[in-house]
Amino acid sequence: MGTIVRSALIRSHKSSDMYSVAQRKDQAHSDGVWGLAWSKSQPQDRELILTASVDGTVKVWNWDDKNSSLSLRWTLEGHQLGVVSVTTNRAGDLAASSGLDGFIKVWDLESGKLIKNIDGGPVDVWTVAFSMDSSHIATGSHNGKINIFKVEDGKKETVLGTAGKFTMSIAYSPDGKMVASGSIDGIINLYDLQSGKLLHTLEGHAMPVRSLCFSPDSLLLVTASDDREMKIYDIQHANLAGTMCGHGSWVISVAFSPDNQHIVTGSSDKTVKVWDMSTRQCSHTFKDHADQVWGVCYNSSGSRIASVSDDKSLVVYSCPV
């Protein structure tokens, strides 16, 4: 019996040891960091981590995976107020940022130059997402609608939805067929991009949904809310497939691993948690931030996680694959 217990403890210890801090950048910005993206550009095979801050800048960091090192590549300036969201396109050559000034800015990641400045309207831009083909950018609005802008000319091309509450989170499905939005009143809307019609309204949260993401196979949607819970929805049947809880405060960021097996969450409780999708249990908790964690993401292989926080830092973790 003792041998069995010992071997179980060893396995548990080894599993825990597989998670570690690979690198951290304190004072990555001069104010809280609210936006985060991880990009891999083709064909250069260059990995970039982008951070967006209340200090009004977006920083682009080179990530050297072999040496687990960070170096600043670009500081992107132009927003008049804090930057609350940043995203990259699938090819890894473009970034889009949104700020409290109501503007969406599109950046060339090779040159660090601003290539498009889109006026999203006052208080209409909180979160941004690139379409899978990089041709459009979707953003939420204060009236609950989703505005879709064409990258090429910066013009608003489509408006999805009817009047609702402030849209706090938005995501395209990896298969390019759907877009989802989460609002301040906890309502999640799912739209068909081809028809522009509302597919489903998902209810389950009674508090703001600050982050949501599709699984890589586009079959599931995971939402994170101020109610301290993450909900998993089966998109095809519009069913609630599961609920995960364990954070001590608001869950404000969520991301799927590339292999569909895990999600990572960041919270106002200052922790980053990794969750096993098969057991719906927390498999590891990182306690490396001193303030709420606004952004989390995986790299393309799932071997690294990054997080950013109001404590102004960027942390990169190693995790088992």
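Before reading on, note that the structure itself is shown above.
These numbers were taken from a predicted model, which means no experiment stands behind them.

Caption draft 1: Just the pattern of salt bridges, in detail. Overall, the coordinates contain 5 salt bridges when judged by the stated rule. A salt bridge links aspartate 65 to arginine 304; the nearest nitrogen and oxygen atoms lie 2.8 Å apart. On the criterion of sequence distance, the pair formed by aspartate 65 in the loop between strand S4 (57-64) and strand S5 (69-77) and arginine 304 in strand S27 (residues 304-309) is long-range, its members being 239 residues apart. Judged by relative accessible area, which is 9%, arginine 304 ranks as buried.

Caption draft 2: Seen up close, the sheet that holds strand S9 (residues 113-119). Read across the open sheet, the 4 strands follow the order S6-S7-S8-S9; overall the sheet is antiparallel. One side of each edge strand has no neighbouring strand; the edge strands of this open sheet are strand S6 (83-88) and S9. Strand-to-strand twist of the sheet, defined as the mean angle between neighbouring strand axes without regard to direction, takes the value 20°. Where strand S8 (residues 103-108) meets S9, 6 bridges bridge the pair, whose relative direction is antiparallel. The partner of isoleucine 104 across the bridge, within S9, is isoleucine 118.

Caption draft 3: Quick look at the sheet that holds S27. Spatial ordering of the open sheet is given by S1-S28-S27-S26, a layout of 4 strands whose pairing is antiparallel. One side of each edge strand has no neighbouring strand; the edge strands of this open sheet are strand S1 (20-25) and strand S26 (293-298). Across the sheet, the axes of successive neighbouring strands diverge by a mean angle of 20°, strand direction being ignored. Summarising the sheet, S26 and S27 pair through 5 bridges and their orientation is antiparallel. Note that in S27 the partner of tyrosine 298 across the bridge is isoleucine 305.

Caption draft 4: Structural context of the side chain of histidine 29. Along the chain, histidine 29 turns up in the loop between S1 and strand S2 (33-41). At 2.7 Å, the side chain of histidine 29 and the side chain of threonine 51 are in polar contact.

Caption draft 5: Quick look at the packing of aromatic side chains. With the rule as written, the count across this model stands at 6 aromatic pairs. Grouping aromatic residues by their ring pairs yields a cluster made of Trp34, Trp126, Phe166 and Trp294.

Caption draft 6: Spotlight on unusual backbone geometry. For serine 218, which is not glycine, the phi dihedral falls at a positive 65°. Secondary-structure assignment places serine 218 in the loop between strand S18 (209-214) and strand S19 (220-225). You can call serine 218 buried: its relative accessible area is 4%. Phi is positive for arginine 228, close to 75°, though the residue is something other than glycine. Mapped onto the elements, arginine 228 comes out in the loop between S19 and strand S20 (229-234).

Caption draft 7: Examining the environment of glutamine 236 more closely. Along the chain, glutamine 236 turns up in the loop between S20 and strand S21 (239-245). Overall, the relative accessible area of 64% leaves glutamine 236 in the exposed class. Taking the C-alpha atoms as reference points, glutamine 236 and serine 218, 18 residues apart in sequence, are found 9.5 Å from one another.

Caption draft 8: Representation of the layout of surface pockets within the structure. Taken as a whole, the largest pocket spans an internal volume of roughly 1,500 Å³. For the largest pocket, the lining is made up of 50 residues, of which Leu36, Thr87, Cys213, Ala255 and Cys297 are closest to its centre. Going through the elements one at a time, S2, S6, strand S10 (128-130), strand S14 (167-172), S18, strand S22 (251-256) and S26 are the ones with two or more residues in the lining of the largest pocket. Ranked by the residues each element gives to the lining of the largest pocket, the list is headed by S2, at 7 residues.

About the cut-offs
- Residues numbered from 1 in each chain as written.
- Predicted model: local features only at pLDDT ≥ 70, side-chain atom pairs only at ≥ 80, totals over all residues.
- Heavy atoms only, no water.
- Salt bridge = Lys/Arg side-chain N within 4 Å of Asp/Glu carboxyl O.
- Helix = DSSP H or I, 4+ residues; strand = E, 2+ residues; numbered from the N terminus.
- Buried < 20%, exposed > 50% of the residue type's maximum accessible area, 1.4 Å probe, protein only.
- Pairing = 2+ DSSP bridges.
- Axes fitted to C-alpha atoms, helices over the stretch in contact; angles between N-to-C directions.
- Polar contact = N/O pair within 3.5 Å; in protein donor to acceptor, adjacent residues only side chain to side chain.
- Phe/Tyr/Trp six-rings, centres within 6.5 Å; stacked < 30°, edge-to-face > 60°.
- 1 Å grid on protein atoms, 1.4 Å probe; cavity = no way out; pocket = protein on both sides within 12 Å on 5 of 7 lines; lining within 4 Å.
- Points joined across faces, edges and corners; volume = space filled by probe spheres on them.

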